[in-house]
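# Survey of secondary and tertiary structure
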Amino acid sequence: MADYRRIKAAIDRISNLPDEILQHILCFIPMKLAITTSLLSRRWRHVWCEIPSLSLDVDTLTAASVNKTLTRYTALNTKSFHLTITAYTQNVPYIDRLIKFAMSHNVENLSLDFLHYYYEYKLPDFFCNSSSVKQLEINLSSSRMIVPECSVFWTSLHKLSLSWCRLSDDSMAKILSGCPVLEYLTLCNCYGLKVLDLSKSLHLRTLDVKLTVPVSVSTKIVAPHIHCLRFLNYESLSCTLVNVDSLTEAKLEVFFPVNRYLTFNDFRQVMVSKMLERLQNAEKLTFWGNFIQLLSLVEIHGVPFPMFKVKSLTLDTKISQYAIPGMERLLQNSPDLEKLTVRARNFNTSLEKHLDKYLKIKGFNLSTCWRSKDGASWSKCCVYAKSKNVASLVELVLKNTNKLDKMVVLLDEPYLKFKIKDVMVPTLPRNKNVNVVLSTTKLMALEKW
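Residues numbered from 1 in each chain as written. Predicted model: local features only at pLDDT ≥ 70, side-chain atom pairs only at ≥ 80, totals over all residues. Heavy atoms only, no water.

## Description of the pattern of salt bridges
Using the criterion set out here, one finds 12 salt bridges in the structure. In this structure, Lys 210 and Asp 208 form a salt bridge, with 3.1 Å as the shortest nitrogen-oxygen distance. Judged by relative accessible area, Lys 210 falls into the buried class, the value being 16%. (Salt bridge = Lys/Arg side-chain N within 4 Å of Asp/Glu carboxyl O. Buried < 20%, exposed > 50% of the residue type's maximum accessible area, 1.4 Å probe, protein only.)

## Some words on helix H9 (residues 324-332)
Extensive coverage of H9 is indicated by the burial of seven of its nine residues. Where H9 is concerned, the buried positions are Ile 324, Pro 325, Gly 326, Met 327, Glu 328, Leu 330 and Leu 331. For H9, the secondary structure elements touched by its buried residues are strand E15 (284-288), helix H8 (289-300), strand E16 (312-317), strand E17 (339-344), helix H11 (366-369) and helix H12 (387-399). (Helix = DSSP H or I, 4+ residues; strand = E, 2+ residues; numbered from the N terminus. Contact = heavy atoms within 4.5 Å.)

## Describing the sheet that holds strand E13 (residues 239-243)
In space, the three strands of this open sheet follow the order E9-E11-E13, with parallel pairing throughout. Two strands bound the open sheet, and with one partner strand each, they are strand E9 (195-197) and E13. Each neighbouring strand pair of the sheet contributes to a mean axis angle of 20°, computed without reference to strand direction. Summarising the sheet, E9 and strand E11 (residues 219-222) pair through three bridges and their orientation is parallel. Following the sheet pairing, Val 195 is matched in E11 by Lys 220. (Pairing = 2+ DSSP bridges. Axes fitted to C-alpha atoms, helices over the stretch in contact; angles between N-to-C directions.)

## Some thoughts on the side chain of Ser 161
Residue position: Ser 161 is located in strand E7 (residues 159-163). Overall, the relative accessible area of 17% leaves Ser 161 in the buried class. The contact partners of Ser 161, leaving out residues within four places of it in the chain, are Leu 136, Glu 137, Ile 138 and Thr 186.

## What to know about the pairing of strand E18 (residues 406-412)
The buried fraction of E18 is high, at six of seven residues. One ladder, built from six bridges, connects E17 with E18; its direction is parallel. Among the inter-strand pairings, Thr 341 is bridged to a residue of E18, identified as Val 408. The pairing of E18 with strand E19 (residues 435-441) spans seven bridges and is parallel.

## A short note on the packing of H9 against H12
Running from N to C, H9 and H12 point in directions that differ by 30°, and their axes come no closer than 9 Å. Taken as axis vectors, H9 and H12 run roughly parallel relative to one another. Along its contact with H9, which presents Met 327, Glu 328 and Leu 331, the element H12 presents Leu 393, Leu 396 and Val 397. (Parallel < 35°, antiparallel > 145°, perpendicular 65-115°, else oblique.)

Structure follows, in structure tokens:
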């Protein structure tokens, strides 16, 4: 009896909370469950009807449930609306109605997630006219749908994310022209663009481009106003930078598919070199493992590196021999570098197993080409980091920097089989004031691309 009273008292305390707090709590549970709270008591009967965020799965809806949900929802404005759609043709009539419902409630954050192929559906024209939407995400999965080609008026849109969309230059131009205050643009596996011209997007500051599938059309990026670039390019380097003159921060990686035979040629190395030229004025750079190994290949072939103005550099890589030439040249060509962060981890890469084979065919001596200029070498296979290699890494950095103030080495816990205190950190006379920090962390949880 006493336990029952305590439980009842706890429930009553929750029920006594203001509607705004209860509605905020309901936003974190599935919509169907939120609606069932109306059965708890008279107090809860209408609480869900004004929750600021709605998340609906078309797969679970019927005509009756759609009508009931939309009729009972009484909020004048909707903060967030997330609609998940799967490939059942009988759901098509609900989609337009649900999108129109969200837009009629002045939705600010709108997300449409098509999980599977959905050939029959095309986004309606009214979808392209909204003064309330500030954030918009459209994921068309692997479908063949096209973002509407009519005129777009998203006058309040600040953040736009498009995934798996087939876009023409004209349709993209129409979208951009209708987003006068756009600040963040994300394109994930979007194809069909020949030129991504962002020169008229005067407020655009962040561009995030991800390509993890081959595309038949090369895309040139013209983005003179962006300050921040996140760029995951497919191994063919089919996406190129033409103008990023205002860039202050960039993060780059190249995606190599697993279990695919890779070939290398002079074209790829020239493309990497040209990409580096576009980054030379950025003050903050982040390079990931595959891109660093490509830099090593470029350095071994004697392709010129530009001089960089970078002050803060982050390298996310294995401590392996394949990183040495590229890392060394990068440091030597960064005379203003003040802070270096190395995030050392073991991650799968399809590139390593092809590099030796390629260089051997080209006639390079594998016993020397993966060493630093003073002969330093690291392990070839790095399932786990070695303390001597970490010490060698620190020494390599100190020998190739002049203005460095701080070096941070973050070692992924699964990558570590020794104690940090066992690492003998070298010191050099000209770098005696450099603050070297070694620590462990869970890098996989820390950041994903």
